[in-house]
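Close look at the chain arrangement
Each chain, written out:
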Amino acid sequence: MKIYSVEIEIQDINDNPPTFLTEQTVLQVIENKALGSRFVMPEAHDPDLGKNSVQGYDVSFNKHFTLEVKEGEDGVKRAELVLEQSLDHEENVLHQLVLTARDGGDPGRSGTAQILVTVIDVNDNAPVFNQSVYKIKILENMPTGTVVTTIEATDKDHGVNSILTYSFTKIRENVILKFQLDSKTGEISLISPLDFEETERYEFEVQATDGESVSRCSVFVNVINVNDNRPEILISSLLSQVVENSPTGTTVALLEVYDRDSGEYGDVVCSIPPNLPFQLDKSLGNYYSLITDGLLDRECVSEYNITITAMDKGTPPLTKTKTISLKITDVNDNPPLFERISYAVHVSENTPPGTSIFTVKAIDQDWDLNGKIMYSIVDGHVGDVPLTSSISINSESGVIYALRSFDFEEFREFTIQVKAQDGGSPALMSNATVSFFILDQNDNTPEILYPSTPTDGSSGVEMAPRSSEPGYLITKVIAVDADSGQNAWLSYQLLRSTDQGLFTVGLQNGELRTARPIIEKDTMTHVLVVLVKDNGEPCLSSSVTVTIVLADSLPEVVADLGILSSPADIESNLTLYLVIAVSVVSFLFLFFVILLLVFRLHEWRQSEFSTSSLANVNALSTSHFVGLEGVRAFLQNYSHDACFTTDSRNNEINYPSDSHYSHTPLDNGVSQKERAVTVEDLLNVASDDQLLVQNMAVSRDGAVQVGWGCSISGWQL
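The structure reproduced in this document is the subject of the present report.

About the criteria used
Residues numbered from 1 in each chain as written. Predicted model: local features only at pLDDT ≥ 70, side-chain atom pairs only at ≥ 80, totals over all residues. Heavy atoms only, no water. Pairing = 2+ DSSP bridges. Helix = DSSP H or I, 4+ residues; strand = E, 2+ residues; numbered from the N terminus. Axes fitted to C-alpha atoms, helices over the stretch in contact; angles between N-to-C directions. Salt bridge = Lys/Arg side-chain N within 4 Å of Asp/Glu carboxyl O. Buried < 20%, exposed > 50% of the residue type's maximum accessible area, 1.4 Å probe, protein only.

This part takes up the sheet that holds strand β45 (residues 525-533). Ordered by their spatial adjacency, four strands build an open sheet running β39-β46-β45-β42, and the pairing between neighbours is mixed. Of all the strands in the sheet, the pair left with one neighbour each is β39 (461-464) and β42 (491-497). When the angles between neighbouring strand axes are averaged without regard to direction, this sheet yields 35 degrees. Note that β45 and strand β46 (residues 541-550) share nine bridges and pair antiparallel. Across the sheet, L528 pairs through a bridge with V546, a residue of β46.

Across a sheet, paired strands are connected by hydrogen bonds in the backbone, their directions being either parallel or antiparallel. Read across the open sheet, the four strands follow the order β20-β26-β25-β22; overall the sheet is mixed. With partners counted over all chains shown, the strands left at the sheet margins are β20 (241-243) and β22 (268-271), one partner each. Strand-to-strand twist across the sheet, computed as the mean angle between neighbouring axes with direction ignored, equals 25 degrees. Relative to strand β26 (residues 319-329), β20 is paired through three bridges, and the arrangement is parallel. In the strand pairing of β26, V243 is matched with T329.

The next subject is the pattern of salt bridges. Counting across every chain of the model gives 15 salt bridges. Its salt-bridge partner being E299, residue R298 comes within 3.5 Å of it at the nearest N-O pair. E299 sits in the buried class, given a relative accessible area of 14%. As a salt-bridge pair, D499 and R516 come within 2.9 Å of each other at their nearest N and O atoms. You can see D499 sitting in the loop between β42 and β43 (503-505) and its partner R516 sitting in the loop between β44 (511-514) and β45, a full 17 residues away along the chain.

Below is the structure:
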């Protein structure tokens, strides 16, 4: 065994980028910092070795700074920021730089840190006024507290260095008595009224200081003379209303204007708005006449509010206004006008009489009676019927009513003339045309033209050869519908057939064709019922019976003629038979009920029978006798228990010897013979019709229960 020594050298790779301890570094530099000043930048760290470690630094471009990298005795490279150009806080408060550390690996890696340079302000700027001279004009009548002007100075410094203080300098006594200066805002305001006659101009200086530097400006205040008195307007005469057809030049009002001022301030000019049909005519001195200057139309403007303005020639001019109201009275100069000259109205047929079908509307721009409209219908006809019996109109509202139902099949449209007349004198009128179009309703059933219904009671016969192939055309059902549109779209359907699979009918054309080959076992005669219905809502339908004979020759048809007539006869007489049967059954039921009531009355009156051994018959419930259903149930329940017959020898009730009643003991020792009851004891009805007792049963308590049947005139119930 030998031991060997192995030495392993781990070679470094550039797997770590340079990193800074902090991602952001803030430097504060005063704006008057000397050029060439240096600022140490943060150092980047790279765990790699050799050339893979930090090899240099770079900084983003900035005109104020450069970057200088130095290598120390330990071989570590360090970066310093050098100030190359002066900083100005007023120009830029903050400079943002990006410091990049890079290694020498392949590929190389780098890391960045943000350098924020904050420029600290120093008081190196003096205040500056935005105007060196302020020239202000102010009216003498401005109230106390009015702001005359605001002086403003600016300082490029920031913070405390930019706070300014304003004050008066070289000020006279009269200025202190009239004006006040706000030391913070520079606002100059009045503290007492101005008087143009006392002083026309004020001059003074204002200074602004930031604590170290001072600036000054001059202020000139010129007082402007004002017009103190307003003109006055006096109305001498005025009309309250004017007729709309008054001629041009009609005088509406007389007025006078004056001003207590003198000179040009006392010269007054009077005017009205230019868009009115009036004008002011200066007649004498300061007197004016208000006259009409064009045609008046009450329908356009029913009332005018005329504003008269009096203005002097002062600077600024003073004015006085006065408004007068003038109403325009109406004349009947506008006829009623319909919204349209013609109307198209759609009305459904079969509309109930009295239904509102349309409303016409006319407008009359006149007022009161001149604008009240009455509606009427000009005489005419609707088809062959006078218009007044078909249509009416509400004279006040213009609502048109239908006085009868309209039939689309009778006529499809009609036109009326509606007249609108106002209540003026003379009256004016206008007409409008109203066209009514009747809309079809599905009120007509399809009419079958072929095959037509026979008048002799027989059925129409169609013949088809037995050798017919599937699809053979036998006949065609032809039908029409008096309606229009989709209400007249007809469809055909095979409603009933003696052989459902042998024939088909075309849904749209009504063609009857064979659906399969005819075989020998198919009967010769087939009765088909074809249903024809329209496409209305709800749909209406008609049906027709078609008899088809399967035969190859005419003799075969003649031989089977008797068979052909029977289905038609049965079909035609079916309704009659049903009516007769219902009538007969109703009559028999009433007769049977009456007969039962007579029997019960007779039984009650027979005292001897009620005291006999068959007195228990009275215990029989009336529900077994009254009502057809009760009788039927009684017969079904007891028909097998006992029976009795009548013959020429005796009329006794005979019990079968093998009846189960023979095993039932009779109460009170009454023998079977003693329980025999003759028919004459039960019924004493004299009639041509026969009433027979069909069934009898004796209950365990001895009660006799009898079921009845009758035969009346050959009918059995």
